[in-house]
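Residue strings, one per chain:
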Amino acid sequence: MTKSAVAATFLLISAASGATATGITPPPPDRPTGRLVLGLHPPEQVLALDVANGHRVRRRLPGGTLCHGPLMVSGGRVLWTSPRGVLEARALDLRGPARRLGRAPMALAGGDDRLWLMRLRYRRGIRAVDVRVVTATGRLVMRSRHPAPPGFPSAATARSLVIERGGRTWQWQPGTGRVRRAPGAVLVASRGAHSAWCSHSCRRVSLTGPGGSVTSAAIPGETLASRGSISPDGRLLALPAYRGTMARERIALIDFATGAARLVPRATLSADGALDWASAGGWLYFAGPDRRLRAYHPADGRMLTLPGRMPAPVLELSAAR
């Protein structure tokens, strides 16, 4: 079967599933499934999409929400920080009232379904204070007993807060108070024991695996910082790559084991470089400049276009874990 026929079959299955009132026939196991959570603008809104049947739910967000912090998908919930500094959570279907998890002027996703919450103190420089790690339900996992080092908290892994100070980047472990130099200037992506780092120019990435193993890889072009995604099995890093113009971004895939890099054929990203891996099945989701969503399967090269067009440009894209 040709690739166009595969795509057409996928669209027919999705349309038929969406039209069924009494139930949804599950797609074949080699089709992408699950939910995507999208941040759209203008106007600011969050959209939840069921990939299998194309069903979507939208909800408006207060102005400034997407600028205040990223949408986070964790523990079967969608979370965001309101412009007033309150962390809110909703079910993935976006129905029902939001659950307030408390004041958190700054929130960062740290992987392993954990969220880092903190306030910033600006007295004699920037410093994170009242640092807590919670689950998507608000359960407290850890509260730091050690003061954070001075600097701006820019990102987080499952176990460390990434802090920038004086042109250098540090990793701070609140449980022990340990501070050490980060493998790079910017955290591009993190998942479990895997992380990817790059310099400010971001022409190369340092890939850190289990046990502290490090592999260096050249990017086919340049990339945007903090926009990558690591596959669930820890094998591949996907990140935007462009040459000369950000209007036609490509997708680079980098092998964690070898550092080998290649571009995804016929894949063009939106200017914001929104992409993420599915939690299972080996599919990579991404948003194109035409407001269409696509799924790519590196194992066999399949590229599918998901039904429908997004009602606004896609700023963020996360696959539900």
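Since this is a predicted model, take the numbers as computed values, not measurements.

Cut-off values and rules
Residues numbered from 1 in each chain as written. Predicted model: local features only at pLDDT ≥ 70, side-chain atom pairs only at ≥ 80, totals over all residues. Heavy atoms only, no water. Helix = DSSP H or I, 4+ residues; strand = E, 2+ residues; numbered from the N terminus. Buried < 20%, exposed > 50% of the residue type's maximum accessible area, 1.4 Å probe, protein only. Contact = heavy atoms within 4.5 Å. Areas by Shrake-Rupley, 256 points an atom, 1.4 Å probe, with all protein chains shown as cover. Phe/Tyr/Trp six-rings, centres within 6.5 Å; stacked < 30°, edge-to-face > 60°. Lys NZ or Arg CZ within 6 Å of the ring centre and 35° of its normal. Pairing = 2+ DSSP bridges. Axes fitted to C-alpha atoms, helices over the stretch in contact; angles between N-to-C directions. Core = buried A, V, L, I, M, F, W, Y, C linked by side-chain atoms within 4.5 Å. Disulfide = S-S within 2.5 Å. Salt bridge = Lys/Arg side-chain N within 4 Å of Asp/Glu carboxyl O.

Asks: Help me understand the overall build of the protein chain, please; the structure alone is not making it clear to me.
Replies: In terms of helices and strands, the protein chain carries two helices and 28 strands. Burial status across the protein chain gives 51% buried among its 321 residues. Intrachain contacts of the protein chain at a sequence separation of at least 6 include 40% that bridge at least 24 residues. When the accessible surface of the protein chain is summed, it comes to about 14800 Å², and 51% of that surface belongs to carbon and sulfur atoms.

Asks: Even after reading the chapter, I still don't get the packing of aromatic side chains, so can you show me in this structure?
Replies: A complete count under the given rule lists zero aromatic pairs for this structure. Above the face of the W170 ring, R181 is positioned so that its terminal group lies 5.4 Å from the ring centre.

Asks: Could you clarify how one ought to interpret the sheet that holds strand β12 (residues 152–156) in this entry?
Replies: Strands sit in the order β12-β13-β14-β15 across an open sheet of four strands; the sheet is antiparallel. If you trace the sheet from one side to the other, it starts and ends with β12 and β15 (178–181), each paired once. When the angles between neighbouring strand axes are averaged without regard to direction, this sheet yields 35°. In terms of strand pairing, strand β13 (residues 161–165) meets strand β14 (residues 168–173) through five bridges, oriented antiparallel. Counterpart to V162 in the pairing with β14 is Q171.

Asks: It is not clear to me how the nonpolar core should be interpreted in this structure. Could you clarify?
Replies: Nonpolar side chains tend toward joint burial in soluble globular proteins. Counting 20 residues, the largest nonpolar core has L36, L38, Y285, L293, L306, V314 and L317 as the members making the most contacts within it. Looking at this core, the elements that each hand over two or more residues are β1 (35–40), β2 (45–50), β25 (284–287), β26 (293–297) and β28 (314–319). With residues near it in sequence (within four places) discarded, L293 still touches L36, L38, L49, F286, A287, L304, T305, L306, M310, V314 and L317. Core analysis: the next-biggest nonpolar cluster, separate from the first, contains 18 residues, V205, A217, I219 and I230 among them.

Asks: Before we go on, may I ask you to explain the state of the cysteines in this structure?
Replies: Each disulfide consists of a covalent bond between the sulfur atoms of two cysteine residues. Evaluated as defined, the whole model comprises one disulfide. The disulfide that involves C198 links it to C202, with 1.9 Å between the sulfurs. Taking the sign of the S-S torsion, about -95° here, the bridge from C198 to C202 comes out left-handed. On the accessibility criterion, C202 (1% relative accessible area) is buried.

Asks: Is there a simple way to explain the side chain of T157 in this structure?
Replies: Mapped onto the elements, T157 comes out in the loop between β12 and β13. Owing to a relative accessible area of 9%, T157 belongs among the buried residues under this scheme. Beyond its immediate sequence surroundings of up to four residues, T157 is in contact with G110, W116, Q171, L187 and S190.

Asks: I would appreciate a short explanation of the pattern of salt bridges in the present structure.
Replies: Close approach of charged atoms lets side chains of opposite charge pair. Tallied over the full model, the rule gives four salt bridges. Notably, a salt bridge pairs D130 with R132, separated by 3.6 Å at the nearest N-O pair. Linking R302 and D300 is a salt bridge whose minimum nitrogen-to-oxygen distance equals 2.8 Å. Among the charged side chains, a salt-bridge network with shared partners connects D130, R132 and R143.

Asks: How do you make sense of the sheet that holds strand β5 (residues 77–81) when you look at a structure like this?
Replies: Remark on secondary structure: sheet strands pair via backbone hydrogen bonds, oriented parallel or antiparallel. As summarised here, the arrangement of the four strands in space is β4-β5-β6-β7, forming an open sheet in which the pairing is antiparallel. The open sheet terminates on both sides in strands that have one partner only, identified here as β4 (72–74) and β7 (99–103). In this sheet, neighbouring strand axes are inclined to one another by 25° on average, regardless of whether the strands run parallel or antiparallel. One ladder, built from three bridges, connects β4 with β5; its direction is antiparallel. Residue pairing in the sheet places M72 in a bridge with L79 of β5.

Asks: Help me understand unusual backbone geometry, please; the structure alone is not making it clear to me.
Replies: Across residues other than glycine, the phi torsion is negative in most instances, and most of the peptide bonds are trans. A cis amide bond, omega 0°, links H41 with the succeeding residue P42. Here P42 is to be found in the loop between β1 and β2. Its identity is not glycine, yet D130 carries a phi of approximately 50°, on the positive side. As for its placement among the helices and strands, D130 is situated in strand β10 (residues 127–134). Here D130 falls in the partly exposed class, since its relative accessible area comes to 31%. Phi at R291 is positive, roughly 65°, even though this residue is not glycine.

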